[in-house]
Amino acid sequence: MHFRPNLIFGLAIAAFTFSCQSPGGTTLEADISGAEELLLAKIGTDEIEYQDTLHAVSGTFSYSFEDIEEAELWMLEVPNGTRLSLFVEPDQQIALEADANDPGYEYSIEGSPGSERILNINRIMAGLMSGLDSLNNVNSESVQLPEYTDIRERLDSTYGVKMNAARDAMLAMLDEDPGHLTNLFIFPMAVGNRQLIPAQDYFDRYESSMSAMQERYPGNPHV
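Quick caveat, the model's predicted, so the values are computed rather than measured.

Draft legend 1. Structural context of the packing of aromatic side chains. Inspection of every chain in the model, using the stated rule, returns four aromatic pairs. Summarising the aromatic geometry, the rings of Phe187 and Tyr206 are spaced 4.2 Å apart at their centres and angled 35° between planes, so their arrangement reads as tilted. Here Phe187 is found in the loop between helix H2 (148-176) and strand S9 (190-191), whereas its partner Tyr206 is found in helix H3 (residues 203-216), with 19 residues between them in sequence. Across the pair, Tyr206 and Phe187 agree in class, each one buried. A connected cluster of aromatic rings, assembled from ring pairs, spans Tyr63, Phe65 and Trp74.

Draft legend 2. The sheet that holds strand S2 (residues 37-43), seen in detail. Across the sheet, four strands lie side by side as S3-S2-S5-S6; this open sheet has antiparallel pairing. Taken across any chain shown, the strands that pair with only one partner, and hence form the sheet edges, are strand S3 (48-55) and strand S6 (83-88). With direction set aside, neighbouring strand axes in the sheet form an average angle of 25°. Where S2 meets strand S5 (residues 72-77), four bridges bridge the pair, whose relative direction is antiparallel. Across the sheet, Leu39 pairs through a bridge with Glu77, a residue of S5.

Draft legend 3. Here's a closer look at the environment of Gly114. The topology assignment puts Gly114 in helix H1 (residues 113-142). Judged by relative accessible area, which is 0%, Gly114 ranks as buried. A sequence separation of 26 residues divides Gly114 from Val88, and the C-alpha atoms of the two residues are 7.5 Å apart. Non-local contacts of Gly114, meaning those with residues more than four positions away in its chain, are made with Phe87, His180 and Thr182.

Draft legend 4. Highlighting the sheet that holds strand S7 (residues 93-99). The mixed open sheet is built from four strands, whose spatial order is S4-S1-S7-S8. Both outer strands of the open sheet, strand S4 (60-65) and strand S8 (108-110), are each paired with one neighbouring strand and no more. Sheet twist, expressed as the mean angle between neighbouring strand axes with direction ignored, is 10°. The pairing of strand S1 (residues 26-33) with S4 spans six bridges and is antiparallel. The residue of S4 that forms the bridge with Leu28 is Tyr63.

The rules behind the values
Residues numbered from 1 in each chain as written. Predicted model: local features only at pLDDT ≥ 70, side-chain atom pairs only at ≥ 80, totals over all residues. Heavy atoms only, no water. Phe/Tyr/Trp six-rings, centres within 6.5 Å; stacked < 30°, edge-to-face > 60°. Helix = DSSP H or I, 4+ residues; strand = E, 2+ residues; numbered from the N terminus. Buried < 20%, exposed > 50% of the residue type's maximum accessible area, 1.4 Å probe, protein only. Pairing = 2+ DSSP bridges. Axes fitted to C-alpha atoms, helices over the stretch in contact; angles between N-to-C directions. Contact = heavy atoms within 4.5 Å.

In short, geometric facts, not functional conclusions.
What follows is the structure, encoded as structure tokens:
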């Protein structure tokens, strides 16, 4: 059981902090231990466009976004390392803090509710994958045991419980805010080739979410 995230939805591990900005603009300040530089990219509908390379000044990375007039998707990347997707809107002061070498999702982000939402999505998937990896380990260790058939049945049952719990958490996020652009991160989530929220079973969620996003973000290229 392996999770293969799309690049745009890539799981990210990074870190960051907050500072003031002049009114009318959007800024990012990041306190990332273990990183000397960051790559900043804008996520398009069919490609990622790298915009700048940020260098730490007194341990802090700073960036001022220009001409942010609507919701946009961006990405921070430690060169040859971790990636973090950002949901950037006008007039935000985004603050992030974490450890670039932390393999989990313990980083913090403030000033960007959409980016927090992406973090929650990633945490749900990370928790699911951790649980499934544990089941895989038990399965591998039990294959030669005489009671393996019974063990496998219990593992399959637990697998279903964990998948359902993650699915329910994602569906709750969709129901809470069906028109949020970050729902585009939810629909493709899959474990191997098993989609967490398959369209054939949840078409009503796809339809209602897309209609709400079209109304909320008219003309947005991602919608």
